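Structural description and commentary
Residues per chain, in single letters:
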Amino acid sequence: MDWLYFLIVCIILFLVLQIITILRADCDLALTWIEKLGKSPDCLRDQVVWVTGASSGIGEALAVKLASVGCRLVLSARREDKLQTLKQKLIDLGYGTPENYLVLPLDLLAYDSHKKLPCDSHKGLVETVLKYFKKIDCLVNNAGRSQRAVISKTRFEVDQQMLAVNTLGPISLTKAVLPVFIQQNFGQVVVTSSVAGKFGAPGLGSYCASKHALHGWFDSLRVESVMYNINVTMACPGPVFSEALIHAFTEDPDKKLGVTMKPEEKRMSAARCAHLMAVAMANNIDEVWITGNPELSFLYMNQYLPGIFHRLAKRFAQKRLKKIMEGSNNLH
Ligand SMILES: NC(=O)c1ccc[n+]([C@@H]2O[C@H](COP(=O)([O-])OP(=O)(O)OC[C@H]3O[C@@H](n4cnc5c(N)ncnc54)[C@H](OP(=O)(O)O)[C@@H]3O)[C@@H](O)[C@H]2O)c1
């Protein structure tokens, strides 16, 4: 029987160690270990990576990280001036020559099915990238908008616009790139989802819907595309410093939140988030959670103890809702 006690003690010690790691980590357990023991982002050198939402926040930081390891980049968002400034910054940092970077303004809402397009359609943009780089190794669907609004007060147009920009935009762009990946017989799609893509949260109803929908579509794409060597990585960050709250949706489709994040808020830096996303890309991880606590513990609880999670979430939501009503913005 001694060996049985020994086994039980080992299992208990292992579980305690995992719980302590979760409480101290700023990402999920697998990513914590892979960051230490897996491939470094250096292995992405020379890859052609298309990053949307590169004009600020996480996308900009990811562009800097990928450029630092020698990737060639397509930099996309609507604000072309910001993308040009970023390109110059990458060159000034000594990360390659101007030819390594293609500034490609893009509006996620310019679906190919739209009659009047404000700029090139997504299919047209793919042709431009191919003409310039001859291939695409990876598409990072990062661009998106956040939200602060209580569901009961939110106009339906907000739900529509949120799904259009955060869900249909990335789906349309990915569909435009997919034939290239299939023809190449390889490709990687990275999606910046959110912790809010894994469970519901107060003040983020339309946002949560848009991010949850991404998981359904891209998880299906992953299992459908195995035969073409196409990998899909879903990145789920928690609160990160960025411009997100300036441009966030409110209850009213014509009103942006217009709040700047304060340095004292408990958020991860965009650079750290970008580094962990690059590790996930280098190691082809299907899904990563990039956040500290309490969000990380909630994610584990939601996954492994859903009954307890839902009970706690209802209590916790009331406190958060009160904070939102009082104007606190420290939600992702
Ligand atoms: N910050 C967080 O706490 C957090 C947490 C979890 C997940 N995320 C996700 O991370 C991603 C990046 O957000 P962020 O936090 O870095 O915010 P951000 O600084 O506001 O960046 C958003 C990016 O999306 C682009 N964008 C917005 N609407 C667009 C459109 N219609 N067409 C093309 N590009 C558009 C913006 O560029 P232009 O305005 O120039 O077009 C900008 O580059 C989003 O998907 C967000 O949901 C953020």
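The model shown is predicted, which means the values in this text are computed figures rather than measured ones. One numbering rule holds for all chains: residues counted from 1, following each sequence as written. Whole-chain, interface and lining totals are the exception, using all residues; otherwise, since this is a predicted model, local features are given only for residues with pLDDT of at least 70 and side-chain atom pairs are given and counted only at 80 or more. As a rule here, side-chain values come from all non-hydrogen atoms in the structure, and water together with hydrogens is ignored.

1. Comments concerning the site of the ligand
Basically, it comes down to this: Here a residue is considered near a molecule or strand provided that any single heavy atom belonging to it is located within 4 Å of it. In protein, a polar contact means a hydrogen-donor-capable atom and an acceptor-capable atom, both N or O and within 3.5 Å, with residues adjacent in sequence counting only if both atoms are side-chain atoms; elsewhere, any N or O pair within 3.5 Å suffices. In short, Shrake-Rupley with a 1.4 Å probe defines the accessible areas, and a residue's cover is counted only from the protein chains shown. For cavity detection a 1 Å grid was placed over the protein atoms alone, and a set of points counts as a cavity when a 1.4 Å probe fits there but cannot get out; an open set counts as a pocket when protein lies on both sides within 12 Å along at least five of seven lines, with lining residues being those that have an atom within 4 Å of a point. Each molecule is assigned to a cavity or pocket provided more than half of its atoms lie within 2 Å of the corresponding grid points. By the criteria applied, helices consist of DSSP H or I runs no shorter than four residues and strands consist of E runs no shorter than two, each listed in order from the N terminus. Gly is put with the polar residues, along with every residue not named as nonpolar or charged; the nonpolar set is Ala, Val, Leu, Ile, Met, Phe, Trp, Tyr, Cys and Pro, and the charged set is Asp, Glu, Lys and Arg.
As a structural note, the neighbourhood of the ligand is formed by 31 residues, with S55, S56, R78, Y207 and S242 the closest of them. At 3.1 Å from an oxygen atom of the ligand is found a main-chain nitrogen or oxygen belonging to G53. Here an oxygen atom of the ligand and a backbone polar atom of G144 are 3.3 Å apart. Burial of the ligand by the surrounding chains reaches 97%, relative to a free accessible area of 870 Å². Judged by its atoms lying within 2 Å of the grid points, the ligand is housed in the largest pocket. Taken together, the elements giving at least two residues each to the shell around the ligand come down to α3 (57–68), α7 (205–224) and α8 (244–247). For the shell around the ligand, a count of residues per class yields 12 nonpolar, 13 polar and 6 charged.

2. Considering the layout of surface pockets
Spelled out, the test is: Grid points are joined across faces, edges and corners, and a volume is the space filled by probe spheres set on the points.
When its volume is computed, the largest pocket comes out at roughly 870 Å³. N142, A143, G144, R145 and S146 are the residues nearest the centre of the largest pocket, which is lined by 42 residues in total. When residues of the lining of the largest pocket are traced back to their parent elements, those giving at least two are α3, α6 (156–184), α7 and α8. Considered class by class, the residues forming the lining of the largest pocket number 17 nonpolar, 16 polar and 9 charged.

3. Considering the pattern of salt bridges
One side chain can pair with another of opposite charge once the charged atoms of both are near each other. As a reminder of what qualifies: Salt-bridge detection follows one rule: a side-chain nitrogen of Lys or Arg within 4 Å of a carboxyl oxygen of Asp or Glu. Relative accessibility under 20% of the residue-type maximum defines a buried residue, over 50% an exposed one, and the middle range a partly exposed one, all with a 1.4 Å probe and only protein chains included.
Taken as a whole and judged by the stated rule, the model has 12 salt bridges. Among the ionic pairs, R222 bridges to D286, the shortest N-O distance being 3.5 Å. Separated by 64 residues along the polypeptide, R222 in helix α7 and D286 in the loop between α9 (270–282) and β7 (287–290) bring together distant segments of the chain. A residue is classified by how much of its surface remains accessible, and R222, at 14% relative accessible area, is buried. For D286, a relative accessible area of 41% puts it in the partly exposed group.

4. A closer look at the sheet that holds strand β4 (residues 138–141)
Here is the rule we go by: Paired strands are those between which DSSP finds at least two bridges. Note on geometry: axes are lines fitted to C-alpha atoms, helical ones only across the stretch in contact, with angles between N-to-C directions running from 0 to 180 degrees. It only takes one pair of heavy atoms within 4.5 Å for two residues to be counted as in contact.
Read from one edge to the other, the open sheet built from 7 strands follows the order β3-β2-β1-β4-β5-β6-β7, with strand pairing classed as parallel. Among the strands making up the open sheet, the edge pair consists of β3 (101–103) and β7. Direction aside, neighbouring strands of the sheet carry axes that sit 15° apart on average. When strand β5 (residues 187–192) meets strand β6 (residues 230–237), the two strands line up parallel, connected through 6 bridges. If you follow G187 over to β6, its bridge partner there is I230. Contacts from helix α5 (residues 122–133) reach β1 (48–52), β2 (72–76) and β3, with the element oriented near 155° to β3. On top of the sheet, α6 reaches β1, β4, β5 and β6; it is set at about 175° to β4, its chief contact.

5. Overview of unusual backbone geometry
A cis amide bond, omega 15°, links N293 with the succeeding residue P294. Backbone geometry at N185 places phi at a positive 65°, although glycine is not the residue there. Structurally, N185 can be placed in the loop between α6 and β5. Overall, N185 belongs to the partly exposed group, its relative accessible area being 36%. The backbone of N229 shows a phi angle near 60°, a positive value even though the residue is not glycine. Mapped onto the secondary structure, N229 falls in the loop between α7 and β6. Since its relative accessible area comes to 43%, N229 is described here as partly exposed.

6. Here's the deal with the environment of M268
As for its position among the elements, M268 is in the loop between α8 and α9. Exposure remark for M268: the relative accessible area of 10% places this residue in the buried category. When the C-alpha atoms of M268 and D26 are compared, they prove to be 8.4 Å apart, with 242 residues separating the residues in sequence. If we ignore the near neighbours within four places in the chain, the residues touching M268 are D26, P239, V240, F241, C273, L276, I290 and T291.

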